[in-house]
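If you want the building blocks of each chain, they are given just below.
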Amino acid sequence: MPTPYAYFQGKIVPLSEAKIGVMTHAFNYGTAVFEGIRGNWNAEDQTVYLFRVREHFERLQQSAKILMLQMHDSIDRLCEIAVELVERSGFTEDVYLRPMVYLSSEQLGVRLHNLESDTLIFLTPFPAYLPEVARCHTSTWRRVQDTGIPPRAKVTGIYVNSALAKTEANANGFDEAIMLNENGHVSEGSGENIFIVRNGRLITPTPADNVLEGITARSVIELARNELGIELVEREIDRTELYVADEVFMTGTAAHLTPVVEIDRRPVGDGRPGPITRKLSELYYDCIRGKNEKYRAWCTPARVRVAN
């Protein structure tokens, strides 16, 4: 039986042994930053391929810098730990790693200074986050501004904003939320970047629209340019432009690349995934499972020993 492991307090232990106290500062105040890293199972290779693991740890380091948290392990070391966790755990399915840098002091009081920080990583099986095609709802909750909580850092506390939007969308019968910023322009989903296709052009909001700078998004942009000859346009997008887009899709570590076929009860295009979305999806899913040699550098293999 596979056993999930975690990196906790400087050593690798069974996940069941990785515990924090109820007075931990990060638990009480949301003073932590995190990443999500997908490990994608390839049965033919008997290998889990970790997708762009170094880039995720680099972004974790950037998030920690914004919150003035200390990340004690090097990025090289964290990459090694991620592979070891997957290999020790032994899952022959898609998995998800959650690295986190958090204020570990057991002290009350709202602040970031004069507190200890620590790093943890845990691993768990994780199926598809969204359905194969998604129906979306424009949320009444606005995306948090950079002047409130910086959205380019994956801060645990900021995800209350996303949770409100996601639950509202689900309660209204939709799969996912689309959030606008305070200026009324499209920002992102509750946990995904968003793209539209109009007249053959790929368009996405700018980072200034309070968007997390997505690693999956960057990969899809590269595939669009290199394999389909489609350049990206970054600009403001109004809500109504979503309604007249030819295609819409979302990208993210959890969501992969998910076509959006309906927004606010209006079909996107003809209500089915469009040709550009389908081509990008095929390319992307081959890449994340190590099946595209051209983009093999995006994948870090973790060999899983399968019992006979």
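None of the values given here were measured: they were computed from a predicted structure. (Residues numbered from 1 in each chain as written. Predicted model: local features only at pLDDT ≥ 70, side-chain atom pairs only at ≥ 80, totals over all residues. Heavy atoms only, no water.)

### Some remarks on the overall build of the protein
(1) Moving on: Helices and strands together make up the secondary structure of the protein, namely 7 helices and 17 strands.
(2) Moving on: Scaling as 2.2 N^0.38, a compact globule of 308 residues should have a C-alpha radius of gyration of about 19 Å, and the protein matches this with 20 Å.
(3) Moving on: By principal-axis analysis of the C-alpha atoms, the protein measures approximately 50 × 50 × 35 Å.
(4) Moving on: Scored against the burial criterion, the 308 residues of the protein give a buried share of 54%. (Helix = DSSP H or I, 4+ residues; strand = E, 2+ residues; numbered from the N terminus. Rg over C-alpha atoms; globule rule 2.2 N^0.38 Å. Buried < 20%, exposed > 50% of the residue type's maximum accessible area, 1.4 Å probe, protein only.)

### Examining the packing of aromatic side chains
(1) Moving on: Under the counting rule described, the total for this entry stands at 7 aromatic pairs.
(2) Moving on: On the basis of an interplanar angle of 80° and a centroid distance of 5.4 Å, the ring pair of Tyr284 and Tyr285 is categorised as edge-to-face.
(3) Moving on: Each residue in the set Phe51, Tyr284, Tyr285, Tyr295 and Trp298 is aromatic and connected to the rest through ring pairs, giving one cluster.
(4) Moving on: Above the face of the Tyr5 ring, Arg88 is positioned so that its terminal group lies 5.7 Å from the ring centre.
(5) Moving on: Over the aromatic face of Tyr243 sits the side chain of Arg266, whose NZ or CZ is 4.1 Å from the ring centroid. (Phe/Tyr/Trp six-rings, centres within 6.5 Å; stacked < 30°, edge-to-face > 60°. Lys NZ or Arg CZ within 6 Å of the ring centre and 35° of its normal.)

### With respect to the pairing of strand 2 (residues 11-14)
(1) Moving on: The pairing of strand 1 (residues 5-8) with strand 2 spans 4 bridges and is antiparallel. When the sheet's bridge partners are listed, Ala6 is paired in strand 2 with Val13.
(2) Moving on: Between the end of strand 1 and the start of strand 2, which pair antiparallel, lie 2 residues, with Gln9 showing a positive phi angle near 55°. (Pairing = 2+ DSSP bridges.)

### Description of the layout of surface pockets
(1) Moving on: By volume, the largest pocket is sized at about 560 Å³.
(2) Moving on: In terms of lining, the largest pocket is formed by 28 residues, of which the most central are Phe34, Arg98, Lys154, Tyr159 and Gly191.
(3) Moving on: Counting only elements with at least two residues in the lining of the largest pocket, the list comes to helix 2 (53-66), strand 6 (95-103), helix 4 (159-171), helix 5 (215-228) and strand 14 (247-252).
(4) Moving on: In terms of residue count, helix 4 provides more of the lining of the largest pocket than any other element does, 4 residues in total.
(5) Moving on: Looking at the lining of the largest pocket residue by residue, the class counts come to 9 nonpolar, 12 polar and 7 charged.
(6) Moving on: Taken as a whole, the second largest pocket holds about 330 Å³ of empty space.
(7) Moving on: If you go around the second largest pocket, you meet 21 residues; those closest to its centre are Pro207, Leu212, Glu213, Gly214 and Arg218. (1 Å grid on protein atoms, 1.4 Å probe; cavity = no way out; pocket = protein on both sides within 12 Å on 5 of 7 lines; lining within 4 Å. Points joined across faces, edges and corners; volume = space filled by probe spheres on them. Nonpolar A, V, L, I, M, F, W, Y, C, P; charged D, E, K, R; others polar.)

### Quick notes on the pairing of strand 12 (residues 201-204)
(1) Moving on: Strand direction decides the pairing type here: strand 11 (residues 193-198) and strand 12, joined by 3 bridges, are antiparallel. In the strand pairing of strand 12, Arg198 is matched with Arg201.
(2) Moving on: Turn length for the strand 11-strand 12 hairpin, with the two strands adjacent in sequence and antiparallel, is 2 residues, and the turn residue Asn199 shows positive phi of about 55°.
(3) Moving on: The pairing of strand 12 with strand 13 (residues 232-234) spans 3 bridges and is parallel. The partner of Leu202 across the bridge, within strand 13, is Leu232.
(4) Moving on: Handedness of the strand 12-helix 5-strand 13 crossover: right-handed. (Right-handed = clockwise from strand over helix to strand, strands pointing away.)

### Some thoughts on the packing of helix 2 against helix 3 (residues 75-89)
(1) Moving on: As a packed pair, helix 2 and helix 3 sit with axes 10 Å apart at the nearest point and diverge in direction by 130°. Taken as axis vectors, helix 2 and helix 3 run oblique relative to one another. In this structure, helix 2 crosses over helix 3, and the sense of that crossing is right-handed. Between helix 2 and helix 3, the contacting residues are Val53, Arg54, Phe57, Glu58 and Gln61 on the first element and Ile75, Asp76, Leu78, Cys79 and Ala82 on the second.
(2) Moving on: Residue composition of the contact of helix 2 with helix 3, by class: 6 nonpolar, 1 polar and 3 charged. (Axes fitted to C-alpha atoms, helices over the stretch in contact; angles between N-to-C directions. Parallel < 35°, antiparallel > 145°, perpendicular 65-115°, else oblique. Left-handed = near helix turned anticlockwise from the far one by under 90°. Contact = heavy atoms within 4.5 Å.)

### A few points about the side chain of Asp264
(1) Moving on: Along the chain, Asp264 falls in the loop between strand 15 (256-263) and strand 16 (266-267).
(2) Moving on: Among the polar contacts made by the side chain of Asp264, one reaches the side chain of Thr138 at a distance of 2.7 Å. (Polar contact = N/O pair within 3.5 Å; in protein donor to acceptor, adjacent residues only side chain to side chain.)

### Concerning the packing of helix 5 against helix 7 (residues 275-288)
(1) Moving on: Orientation of helix 5 relative to helix 7, taken along the N-to-C sense of each, is 110°, at an axis distance of 10 Å. With respect to helix 7, the axis of helix 5 lies roughly perpendicular. With respect to the hand of their crossing, helix 5 and helix 7 are arranged in right-handed fashion. On helix 7, the residues that touch Thr216, Val220, Leu223, Ala224, Glu227 and Leu228 of helix 5 are Ile276, Lys279, Leu280, Leu283, Tyr284 and Cys287.
(2) Moving on: Its residues assigned to classes, the contact of helix 5 with helix 7 comprises 9 nonpolar, 1 polar and 2 charged.

Read these as spatial facts, not as claims about activity.
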